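# A closer look at the structure
As a plain string of letters, each chain reads:
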Amino acid sequence: MSAADWRKAMNSGATSQAWPRPGRADVRAGTPAPRPRVDEGRASAPPWLVSIGRRVRPAHVIVLAALIAYPWVASPFFTFQIGAQSLALGLIALSLTFLAGYGGMVSLAQMTVAGIAGYAVAIFGASGTNEVSLGWPWWLAVVLALPFAMLAAIVIGWLSVRTEGIYTIMITLAIGVAFYYLVLQNYAVFNGFQGFQRVLAPRVFGVAWGDAVPFYYLALFWALAGYAAVIWVVRTPFGIALQGIRDNPRRMATLGFHVTAHRVAAYALAGAIAAVGGVLMVWYNGLISPGSVGTTALINVLIVSVLGGLRHPIGPFVGALAFVLLQNFAIDLFDRERFNLVIGTVFLLIVLFSPDGLLGWWARLAAHWPAGGARVRSRSGP
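Rules behind the numbers
- Residues numbered from 1 in each chain as written.
- Predicted model: local features only at pLDDT ≥ 70, side-chain atom pairs only at ≥ 80, totals over all residues.
- Heavy atoms only, no water.
- Salt bridge = Lys/Arg side-chain N within 4 Å of Asp/Glu carboxyl O.
- Helix = DSSP H or I, 4+ residues; strand = E, 2+ residues; numbered from the N terminus.
- Buried < 20%, exposed > 50% of the residue type's maximum accessible area, 1.4 Å probe, protein only.
- Contact = heavy atoms within 4.5 Å.
- Core = buried A, V, L, I, M, F, W, Y, C linked by side-chain atoms within 4.5 Å.
- Axes fitted to C-alpha atoms, helices over the stretch in contact; angles between N-to-C directions.
- Parallel < 35°, antiparallel > 145°, perpendicular 65-115°, else oblique.
- Nonpolar A, V, L, I, M, F, W, Y, C, P; charged D, E, K, R; others polar.
- Phe/Tyr/Trp six-rings, centres within 6.5 Å; stacked < 30°, edge-to-face > 60°.

The next point concerns the pattern of salt bridges. It is possible for side chains of opposite charge to pair when their charged atoms get near one another. One pass over the full model with this rule turns up two salt bridges. A salt bridge links Glu164 to Arg263, with the shortest nitrogen-to-oxygen separation between them at 3.6 Å. Residue Glu164 is located in the loop between α9 (138–160) and α10 (166–185), and its partner Arg263 is located in helix α14 (residues 259–285); the two are separated by 99 residues in the primary sequence. Classification of Arg263 by relative accessible area gives buried; the value is 9%.

What follows is the structure, given as structure tokens:
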């Protein structure tokens, strides 16, 4: 067969029929091309639910199941003193992780925002200090406390976003210290150094939410809500723009993004998360005083965030758990007065040897395991 005959045979209808191009023969015949099969359940599900389903892994389900079952296998002390406190404190630290990890803004005033929410609940609601508290219903006090705290966060953000680095830290620290002295010296509104006692969680639907198990589930619900909110926000156009501003604000401004507005909006969202954590903390402690918003409390939030790791929203909860465990059990090994020395030493070790916190150490250990090493190699290629 000559070359011309071979080319003619390859271009003939028989060859075209043997190797059809997808959809073209059907279009010529007047029938639509067959569409790829799509799972009916996935097609009918909302896009956000499909996105969550793709990201949920078996490890997430196991951790969630363990968190739900935790009160049923732990004692009331571990449920309330360790579990619930870690979740509430981790929620406040999550607001700092969001600002620092995704916005590049290290704010030491997040406990101040949480404290404003806690003081608002004590002032508007009921407490043992009847001379100052207004005694309004708990739900009204909470509804008023959250916007107050968010407004304070917006003001703090508006004052600090025009600076960067150490100057942002110093401005937010100065605001926190100023609020501390305000509540310490003001008796008409904040009741001075005594603060507010017996600020108890409400009783709703016959459930005393201040008890160990109900309060744990209340803190778990809002911790999961805050975690999911941060995970969702950082994948939205706003979150992506915020991360771009963190990396190169001048380029983002050149592209037409309002850098100051994005940063202030990030402070508002972080303020909402810290406010919820502040309400939980005042219900957990049953009181709020100037010591709750002092310099030590401001620094502790930063320590918790750095301990866990600033690169993932789960980090502040891991750091809060480590911090609470040290706070409760370090006194068995050291004197109570030396707790700050222990925390400072642990913080220094984390900063020196694992800038990504405990999550960074965990990632390094997982990389040396057979399964973890295989995953790392598969991601990096052959």
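Buried within helix α12 (residues 237–247) are the following residues: Gly239, Ala241, Leu242, Gly244 and Ile245. Contacts from the buried residues of α12 go to α7 (76–103), α11 (212–233), α13 (249–254) and α14.

This part takes up the nonpolar core. Across soluble globular proteins, you tend to see nonpolar side chains buried next to one another. With 84 residues, the main nonpolar core has Phe98 and Trp283 as its most contacted residues. If sequence neighbours within four positions are ignored, Phe98 has contacts with Gly103, Val230, Val233, Val234, Leu242, Ala266, Leu269 and Ala270.

Running from amino to carboxyl end, α11 crosses α14 at an angle of 170 degrees, the nearest separation of the two axes being 11 Å. It follows from the interaxial angle that α11 and α14 lie roughly antiparallel. In this structure, α11 uses Phe215, Leu218, Ala219, Trp222, Val230 and Val233 to contact α14, whose residues at the interface are Leu269, Ile273, Val276, Leu280, Trp283 and Tyr284. Grouping the constituent residues of the contact of α11 with α14 by class yields twelve nonpolar, no polar and no charged.

Evaluated as defined, the whole model comprises 19 aromatic pairs. With a centroid separation of 6.3 Å and an interplanar angle of 40 degrees, the aromatic rings of Phe98 and Tyr102 are classed as tilted. On the criterion of helical spacing, the pair formed by Phe98 and Tyr102 is a turn pair, its members being four residues apart in helix α7. In this pair, the class of Phe98 matches that of Tyr102, namely buried. Here Phe221 and Trp222 contribute two aromatic rings whose centre-to-centre distance is 5.1 Å and whose plane-to-plane angle is 80 degrees, an arrangement assigned as edge-to-face. Members of the aromatic cluster, joined through ring pairs, are Tyr119, Phe179, Phe190 and Phe196.

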